[in-house]
Amino acid sequence: MILGNAEKEFKDFVEKSGIPAAWTILGLSALPTSHELNVGMVGMHGNYGANVLTNSCDLLIAIGMRFDDRITGDLSTYAKQAKVIHIEIDPSEVDKNVKADAPVVGDAKAALKALLPLVKKADHSEWRAEFKKYDDEEYDKITKKDLFHEGNQIKMGEAVALLSDKTKGEAVVVTDVGQHQMITNRYYRFKKQNSMITSGGAGTMGFALPASFGAKVAVPHREVVAVIGDGGFQMTLQELGTIAQSGLPVKIIILNNNFLGMVRQWQQLFFDNRYSFVELQNPDFITIAKGFGIEGHKVSDRSLLSESLDTLLNSDKPYLLEIVCEKEENVFPMVPAGGCVTSIRLE
Amino acid sequence: MLINYTISVFTTNTVGLLNRITIIFTRRRINIECLTVSETERKGVSRFTIVIRSQSREFVEKLVRQIRKITDVLAVFGYLDDEIVFNEIALFKISTPLGCEPLDVKTINLDWNAKVVHWGLEYVVVEKNGTEEEIHEFYSYMKNWEILEYVKSGRVAVGKTEKGLVEFLPEEGNWEIV
């Protein structure tokens, strides 16, 4: 939908029909995070309500999505009770994973524009309220802990949430791949369209650094912040050279937990904590950046986090902020791979 | 139960296209039983005829849709054996040294509808065309002699409909008869 520039038509459609809308990570920022009908992310690390209620809805309208296995989990238990409308430009994706009762092959913008007059103005606030129950539980069990914990270590979620506040939800955020990517999707509250750049289903580590440079070249007037993990950063860190050479003020945040976090999480949850080749002995990122001619500093003290982000955002040159995070943090909710979307775990 | 599916792919005559098509099969770990490529009656249009064996029609339908997405592919069709007219050709090089059991050329010609196409000094080459089954039966008969070499072509097939190829090609092209 973002590629098809259909955000406006989508917003009109959602507001007229009153149907709650959820997004996949590549659909993030198409609808403002704070929009009343935005019920969050679906998928493996999506929101509790959005995932569970997929298996309770009467009608599922899928726009520009391919029903990737991260979204559906076990296909034999995915939305079997719902009628499915699939608006999709690629005919080979229709009926590939999920049988569509009403396939609409075509451009999202044109399709939504044509559908808008045909849809009745409706209010589904009771259905919308069902999501609230799950949202509240998710907040209690997960969000509160991620954002307002008591310990000394910085958690990834609070760093992202603070970034979101300071950039007023208007920055272009580029993520790499892993836990930080999921955390950023959860806690950065997007206000503007076309603000989330990520490799999506490709899952390519090392994507963020060069991509953030590309994004800054494309929209130099917008703040571009790359959020990268310590693993992915090391895969393309030579691009610091390209950034330094251009002088474009790309802002880089490394959420350093000294681990290949996502893999470690799986090893903890599904393989009895048998950590294998996931702990990283990292170099001194700030010295490396300085070697390329890029300013930066490291923060590990929670009390200095806010000030550090200010330094990062106020710089008019490229800047690298290394945030040392809690080593063994897990991202929840999580739908176990190949599991049913309703068996989403909260811890 | 594995059944034959014949996939006809119409393409422009581009170098390297075979790789792009066969990788769709490789990715799904499907064995290509046989493959034929040649030009068609339309200028610049080539045709691939690929035979696979599969248990699931749905699987083959998805495969066909993925092939359709490739640039330079103009049209793709999947067929079951009863939806096409098809044939294959095979050559048998048989050893005929002095003093061996002679080949019964009359049986080969009349009963099996095959023919001897080459006589060497100590070998003979026999050609048979027919369906895979017919060739297989003939092979069992020829095993009575020493088979030095055996080669079978891929399948050539046309659909059992009154439509011509040009009706399925994109309208914008110049599809003149060669």
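Counting from 1, residues in each chain are numbered in the order their sequence is written. In the order they appear in the text, chains get letters beginning with A and ligands get numbers beginning with 1. Only residues with pLDDT of at least 70 are given local features in this predicted model, and only at 80 or more are side-chain atom pairs given and counted; all residues enter the totals for whole chains, interfaces and linings. Hydrogen atoms and water are omitted, and side-chain values are computed over all heavy atoms in the structure.

> Outline the overall build of chain A, supporting the account with residue identities and numerical values.
In terms of helices and strands, chain A carries 13 helices and 11 strands. For a compact globule the rule gives 2.2 Å times the number of residues to the power 0.38, and the radius of gyration it is set against comes from C-alpha atoms. Taken over C-alpha atoms, the radius of gyration comes to 20 Å for chain A, in line with the 20 Å a tight globule of 347 residues would show. Considering chain A as a whole, with its 347 residues, one finds that 53% of them fall into the buried category. Every residue pair with non-hydrogen atoms within 4.5 Å of one another is taken to be in contact. When contacts within chain A are restricted to residue pairs at least 6 apart in sequence, those whose partners lie at least 24 apart make up 69%. Charge-centre separation for chain A: the mean point of 37 positive side chains lies 3 Å from the mean point of 45 negative side chains. Each helix is a run of H or I in the DSSP string that is no shorter than four residues. Each strand is a run of E no shorter than two, and both are numbered from the N terminus. Between buried and exposed lies partly exposed: a residue is buried under 20% and exposed over 50% of the maximum accessible area for its type, with that area taken using a 1.4 Å probe on protein chains only. Think of it this way: Lys and Arg go in the positive column, Asp and Glu in the negative one, and His and the chain ends go nowhere. Note on charges: their place is set at NZ of Lys, CZ of Arg, CG of Asp or CD of Glu.

> Requested: an account of the sheet that holds strand S2 (residues 34–39) of chain B, with residues and values cited.
Residue and element names in this part refer to chain B. Paired strands, in this sense, are two strands between which DSSP finds at least two bridges. Spatially, the 4 strands line up as an open sheet ordered S2-S3-S1-S4, and their pairing is antiparallel. Here the strands that pair on one side only, and so sit at the sheet edges, are S2 and strand S4 (73–80). On average, adjacent strands in this sheet sit at an angle of 15° to one another, irrespective of strand direction. Where strand S1 (residues 3–12) meets strand S3 (residues 45–54), 10 bridges bridge the pair, whose relative direction is antiparallel. Each residue of the ladder has a partner; that of Phe10, found in S3, is Arg47. Between the N-to-C directions of two axes lies an angle of 0 to 180 degrees, each axis being a line fitted to C-alpha atoms and, for a helix, fitted only over the stretch in contact.

> How would you explain helix H4 (residues 108–115) of chain A if you had to name every residue and give the values?
All names here are of chain A. Listed as buried for H4 are Ala108, Ala111 and Leu112. All buried residues of H4 fall inside an arc of 95° around its axis, so they share one side. Buried residues along H4 sit against helix H1 (7–17), strand S3 (59–63), strand S4 (83–88) and strand S5 (102–105). Directions pointing from the helix axis toward each C-beta atom define the arc.

> An account of the packing of aromatic side chains is requested, with residue identities and associated values reported.
All names here are of chain A. Here a pair means two rings of Phe, Tyr or Trp (six-membered ring of Trp) with centres within 6.5 Å. Their orientation is stacked below 30 degrees between planes, edge-to-face above 60, and tilted elsewhere. For the structure on display, the rule yields 18 aromatic pairs over all chains. Relative to Tyr134, the ring of Tyr48 lies with its centre 5.0 Å away and its plane at 85°, an arrangement referred to as edge-to-face. Separated by 86 residues along the polypeptide, Tyr48 in helix H2 (residues 48–52) and Tyr134 in helix H5 (residues 125–147) bring together distant segments of the chain. Here Tyr48 and Tyr134 have matching classes, each one buried. Between the aromatic rings of Trp127 and Phe131, the centroid separation amounts to 5.1 Å while the plane-to-plane angle is 70°, which identifies the pairing as edge-to-face.

> Give me the lowdown on empty space enclosed by the protein, citing residues and values where you can.
The method is simple in principle: a probe with the dimensions of a water molecule rolls over the atoms, and the space it marks as empty is what remains. Residues and elements named next belong to chain A. Using only the protein atoms, space was sampled on a 1 Å grid; points where a 1.4 Å probe fits but cannot get out form cavities, open sets with protein on both sides within 12 Å along at least five of seven lines form pockets, and lining residues are those with an atom within 4 Å of a point. Grid points are joined across faces, edges and corners, and a volume is the space filled by probe spheres set on the points. This model, assessed by the stated rule, comprises 1 cavity of 30 Å³ or more. Its volume calculated, the largest cavity comes out at about 40 Å³. Forming the boundary of the largest cavity are Ala159, Val160, Leu163, Val227, Ile253, Leu255, Leu309 and Ile323. Those elements giving two or more residues to the lining of the largest cavity turn out to be helix H6 (156–166) and strand S9 (251–256). Counting residues per element, the lining of the largest cavity draws most heavily on H6, which supplies 3 residues.

> Before we move on, can you summarise the pattern of salt bridges with the specific residues and values?
Whenever a carboxyl oxygen of Asp or Glu lies within 4 Å of a side-chain nitrogen of Lys or Arg, that contact is scored as a salt bridge. Inspection of the entire model under this criterion finds 27 salt bridges over all chains. A salt bridge links Lys69 of chain B to Glu93 of chain A, with the nearest nitrogen and oxygen atoms 3.9 Å apart. Taken together, the residues span two chains, with Lys69 of chain B in the loop between helix H2 (57–68) and S4 and Glu93 of chain A in the loop between S4 and S5. One connected set of salt bridges, linked through shared partners, spans Asp81, Glu88, Glu132, Lys152 and Arg155 of chain B.

> Outline the interface of chain A and chain B, supporting the account with residue identities and numerical values.
At the junction of the two partners, chain A supplies 7 residues and chain B supplies 4 residues. For the pair chain A and chain B, the summed buried surface comes to about 460 Å²; carbon and sulfur atoms form 37% of the total. Where chain A touches chain B, the interface holds 2 salt bridges. With its nearest N and O atoms 2.8 Å apart, the salt bridge here joins Asp90 of chain A to Lys69 of chain B. The definition of a polar contact used here is a pair of N or O atoms within 3.5 Å, where within protein one atom must be able to donate a hydrogen and the other to accept one, and adjacent residues in sequence count solely through side-chain atom pairs. Here chain A is connected to chain B by 4 residue pairs in polar contact (both at pLDDT 80 or more). Polarity classes work like this: nonpolar for Ala, Val, Leu, Ile, Met, Phe, Trp, Tyr, Cys and Pro, charged for Asp, Glu, Lys and Arg, and polar for all others, with Gly in that last group. Among the residues making up the side of chain A that touches chain B, the classes are represented as 2 nonpolar, 1 polar and 4 charged. The term buried area denotes the loss of accessible surface (1.4 Å probe radius) that occurs when two parts are joined, taken as the sum for both partners.

> Got a sec to walk through the layout of surface pockets? Specific residues and values, please.
Residues and elements named next belong to chain A. The volume enclosed by the second largest pocket comes to roughly 640 Å³. Along the wall of the second largest pocket there are 23 residues; nearest its centre are Asn47, Asp135, Thr143, Arg186 and Arg189. Listed by contribution, the elements that provide at least two residues to the lining of the second largest pocket are strand S2 (38–41), H5, H6 and helix H7 (179–187). Sorting elements by how many residues they give to the lining of the second largest pocket places H5 first, with 8 residues. Tallied by class, the residues present in the lining of the second largest pocket amount to 6 nonpolar, 9 polar and 8 charged.

> Can you tell me about unusual backbone geometry, naming the residues and giving the values?
Residue and element names in this part refer to chain A. Following Phe332, the chain continues to Pro333 via a peptide bond in cis, the omega torsion being 0°. Position of Pro333 relative to the elements: it lies in the segment after strand S11 (319–324). For Asn258, which is not glycine, the phi torsion reads 60° and is therefore positive. Tracing the chain through its elements places Asn258 in the loop between S9 and helix H11 (261–270). Positive phi, close to 60°, is recorded for Asn273, a residue that is not glycine. According to the relative accessible area criterion, Asn273 is partly exposed, its value standing at 45%.

> Describe helix H4 (residues 132–142) of chain B, naming the residues involved and giving the relevant values.
Residues and elements named next belong to chain B. Those residues of H4 that sit buried are Ile135, Phe138, Tyr141 and Met142. For H4, the buried positions fall inside an angular range of 110° around the axis, keeping them on one side. Away from its buried face by more than 90 degrees, H4 exposes Glu133 and His136. Tucked inside the fold, the buried residues of H4 contact strand S5 (84–95), helix H3 (105–111), strand S7 (123–130) and strand S8 (147–152).

> Before we move on, could you go through the side chain of His35 of chain A and cite the residues and values that matter?
Mapped onto the fold, His35 of chain A is located in the loop between strand S1 (21–23) and S2. Setting aside anything within four residues of it in sequence, one finds His35 of chain A in contact with Lys11 and Glu15 of chain A.

> Kindly report on the nonpolar core, identifying the contributing residues and their values.
Residue and element names in this part refer to chain A. In this text, buried Ala, Val, Leu, Ile, Met, Phe, Trp, Tyr and Cys residues form a nonpolar core when linked through side-chain atoms within 4.5 Å. In this structure, Leu163, Ile253, Leu255 and Ile323 are the most contacted members of the largest nonpolar core, which totals 47 residues. The dominant element in this core, judged by the number of residues it contributes, is H6, at 5 residues. Every residue in contact with Ile253, bar those within four places of it in the chain, is listed here: Leu163, Val225, Ala226, Val227, Ile228, Leu309, Leu312, Leu321 and Ile323. Grouped together as the second largest cluster of nonpolar side chains are 22 residues, Val224, Ile228, Phe233 and Ile294 included.

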